[in-house]
Amino acid sequence: MPPPPEDDGSSARRPLIPPTPLPPPGRAVARLHSLPLLVAAAFAASYHLLVAPSPSYYHSLFLSLGSNDTAAAHLRALTLRPHLAGTEANARAAEHVVSALSSLSFPTRVVPYSVLLTYPVHRSLSLSAPGHATTPFALVQDTYPGDPYAAVSAEAVPTFLAYAASGSVAAEAVYANYGRPEDFAYLAARGVNVTGKVVLARYGKVYRGDIVINARKAGAAAAVIYTDAKDYAAGEAFPDGPWMPPTGVQVGSTFKGVGDPTTPMWASSEGCERVSVAEAMATDDMPGIPALPVSGRDGEAILQLIGGDVAPKDWQGGHGSPVYRLGPGPAVLNLTYIGNETVATIQNVISVIEGKEEPERYIILGNHRDAWTFGAVDPNSGTAALLELAQRFSELQKKGWRPRRTIILCNWDAEEYGLCMVLGFMHQLLLNLISCLRRRVQNPDNETQSLYDLWMASDSSSTIGRLGGGGSDYSAFVQHIGIPSIDISMGSEYAVYHSLYDDFVWMEKFGDPLFRRHVAVASMWGLVALRLSDEEILPFNYSTYAVELENGAIDINKRLVGVPVSSSPLQKSIAEFKRAALQVDSELKTRKVWNTWRNNPLKVRDLNERLMMTERAFTDREGLSGRPWYKHLIYAPSLHDDYGAQVYPGVDDAIQMAERTNTSESWRSVQHEIYRIARVINQASLVLSGGLT
């Protein structure tokens, strides 16, 4: 990502949008300016007593309060040391968050949980082949000359994949590209036997947990995942450039579930029922085989000794890479991983800004805090932005602002393990709101443009997308409970992800040198919160949701051509939902034109109730077939990629199974899933129209 333009240092004090200009000088203004100071002060005091500032006044004021220095200071404090979940360093980071929020006079508390975490005890990996000496790999990420964090880097967890099974394997290596189901299907079609082998796959395309589980399902005894230079080292390496250094390693979790593995489907509260650690580690959501992450340099060394047929062109590396071959062998990998699975304490920080008119309704703003290493980008750029906007909320309170609904600020723990207790994607329901607010926030890289201008000029197809993927803080809210959510970020993927080099230096040099992007994200995030908390009628638009339902149905229809399945129930339910959305649009327009609900707060509350609960109506208590934790039948992660979002996930799962087996029973399952989603869409229509509350 390119750095912002040069700045003279004054941007920390500069408003993100130009202040409202004063009226041109005139007689009335001149007279006011000539009044004695005491009279002018009395005039101002009387004005504020008689006419309270409108929400829009506070929203504009919020934008003017952005501080680059505040965001930078918080990020520096949060990234002084590596702070993995369950460690003392992460508890210290929590203390910083508590101190920052408490200093703003927001009631703040720490909520501890005991959850199953895993840490590496022993790791080793060596490479051998006939005619070559055995090469042991150091499995260490090197610091660099002048690294200000060199001394504390030793505190970082050794490179590992959380929840990988303990064990030792010595077997021939097989190259499996990105480790997707189609990659293993290709190997099988080429006669490459994966059974009992060590799979070598490169990061990218799918979640690392899916890579390891796919390898296990293909019969592999172990897996190694490396960062290919083609994807992570396409330019100058850090610290001279933003790309991954040769010894950089992406660590991370391989757990496919959500929440504490010892408390499946229920909260990990004190004294709760737990399954044993052995039972938790034996589920299909766990990788089930030993696995390790390695650097691009180590991955290339392995590829140089793998023989067999030449891999396809799209499996090859970048310029200067060796020819990638499929194997198996003659390269042999000797891998040992021993992990320590232990129940440890994590800490969520919760802070509350109580609402005035509807204190029992909540707007939740959250970001996780734990990191595999220093976590400057992931996650603490988000935590720094959260604390920066909290500072602005405090300033608004001093000016008399109080939200209509309660705002809760959350800083979660253990998200990286997949246990969050509860990069730019959003809920379709809030699409119009986001589009509108982007016009008010300045593009941090161009002072003459807004974020909307930047968005419109972007050629990225993922600038706005559906919140269906897993692996982030919003998952429990959307996919388990059915709460409208937004995930806001700025910038694309970055090469040092989950490595030792995701530190404050990388952020200051390459990610956001002037911290304008932090301010812009905080501004966007805060404006969304202010609109949701202060608007009398929630700014939800279900017409755009209906369009998304239709687009998903088009894809389903294409996949059902020539098979004994009808999508008619789905089509009928979507048509009914469109009618309900149009009815609500008509109600809102009538209210706006005639102000018909001025003296009827119950009417306002009823409509807000319908707008909130419609999303909940898309959930089903039984959840997805085979994946009961995922209750939302419209959005969920793809079955084979936890990062990927899927519309109508239950239907997609059933179609994939039917395509593999092609039995009448499997196609009946597809029809059943279509009826299931039709039922929840009809249910949502009833809620939205007021027929079911």
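Preceding this section is the structure that the text describes.
Now for a quick tour of the structure. Counting restarts for each chain, with residues numbered from 1 along the sequence as it is written. Local features in a predicted model are, by the rule used here, given only for residues with pLDDT of at least 70; side-chain atom pairs are given and counted only at 80 or more, and totals for whole chains, interfaces and linings are based on all residues. Think of the side-chain values as coming from all heavy atoms in the structure, minus any hydrogens and water.

A look at helix H5 (residues 88-102)
Residues separated by three or four positions in an α-helix point in the same direction, a consequence of the helix having 3.6 residues per turn. Helix numbers and strand numbers start at the N terminus; a helix is a DSSP run of H or I with at least 4 residues, a strand a run of E with at least 2. Multiplying one less than the number of residues by 1.5 Å gives the expected span of a helix. Between the first and last C-alpha of H5 there are 21 Å, a value that for 15 residues agrees with the 21 Å anticipated at 1.5 Å per step. Buried within H5 we find Ala 89, Asn 90, Ala 93, Ala 94, Val 97, Ala 100 and Leu 101. For H5, the buried positions fall inside an angular range of 150° around the axis, keeping them on one side. Two residues qualify as a contact provided that any one of their heavy atoms is within 4.5 Å of a heavy atom in the partner residue. Tucked into the core, H5 has its buried residues touching helix H4 (68-78), strand E1 (108-129), strand E9 (332-353), helix H12 (380-398) and strand E11 (405-412). The buried label applies to any residue whose accessible area, calculated with a 1.4 Å probe on protein chains only, is under 20% of its type's maximum; exposed applies above 50%, and partly exposed to all values in between. As used here, the arc belongs to the directions running from the helix axis to the C-beta atoms.

Concerning the pairing of E9
Whether two strands pair comes down to DSSP finding at least two bridges between them. Bridge analysis of E1 against E9 gives 20 bridges, and the strand direction is antiparallel. Following the sheet pairing, Ser 126 is matched in E9 by Asn 334. Across 6 bridges, the pairing between strand E4 (residues 167-175) and E9 is antiparallel. What sits directly across from Glu 172, in E9, is Val 332. Pairing analysis gives 5 bridges linking E9 to E11, with the strands arranged antiparallel. When the sheet's bridge partners are listed, Ile 350 is paired in E11 with Cys 410.

A short note on the packing of aromatic side chains
Aromatic rings from Phe, Tyr and Trp, with only the six-membered ring used for Trp, were paired whenever their centres fell within 6.5 Å, and each pair was classed as stacked if the ring planes differed by under 30 degrees, edge-to-face if by over 60, and tilted otherwise. If you walk through the whole model with that rule in mind, you get 27 aromatic pairs. Measuring from centroid to centroid gives 5.5 Å for Tyr 163 and Phe 255, while their planes differ by 50°, and the two rings are tilted. Separated by 92 residues along the polypeptide, Tyr 163 in the loop between strand E3 (161-162) and E4 and Phe 255 in the loop between strand E7 (252-253) and helix H10 (277-281) bring together distant segments of the chain. The exposure class assigned to Tyr 163 is buried, which follows from its relative accessible area of 0%. With a relative accessible area of 6%, Phe 255 lands in the buried category. Grouped by ring-pair contacts, the aromatic residues Tyr 144, Phe 238, Tyr 494, Tyr 497, Tyr 501, Trp 506 and Phe 510 constitute a single cluster. By definition here, charges over rings are those cases where NZ of Lys or CZ of Arg is within 6 Å of the ring centre and within 35 degrees of the ring normal. In this arrangement the basic side chain of Arg 392 is found over the ring face of Phe 62, its NZ or CZ atom lying 4.5 Å from the centre. The ring of Tyr 630 is capped by Arg 627, whose NZ or CZ atom sits 5.6 Å from the centre of that ring.

Examining the pattern of salt bridges
Side chains that differ in sign of charge can pair as their charged atoms come close. In the sections that follow, a salt bridge refers to a side-chain nitrogen of Lys or Arg positioned within 4 Å of a carboxyl oxygen of Asp or Glu. Counted according to the given criterion, the structure contains 30 salt bridges. A salt bridge links Arg 92 to Glu 95; its shortest N-O distance comes to 3.9 Å. Separated by 3 residues within a single helix, Arg 92 and Glu 95 lie in helix H5, roughly one turn from each other. Glu 550 is the salt-bridge partner of Lys 578, the closest N and O atoms lying 3.1 Å from each other.

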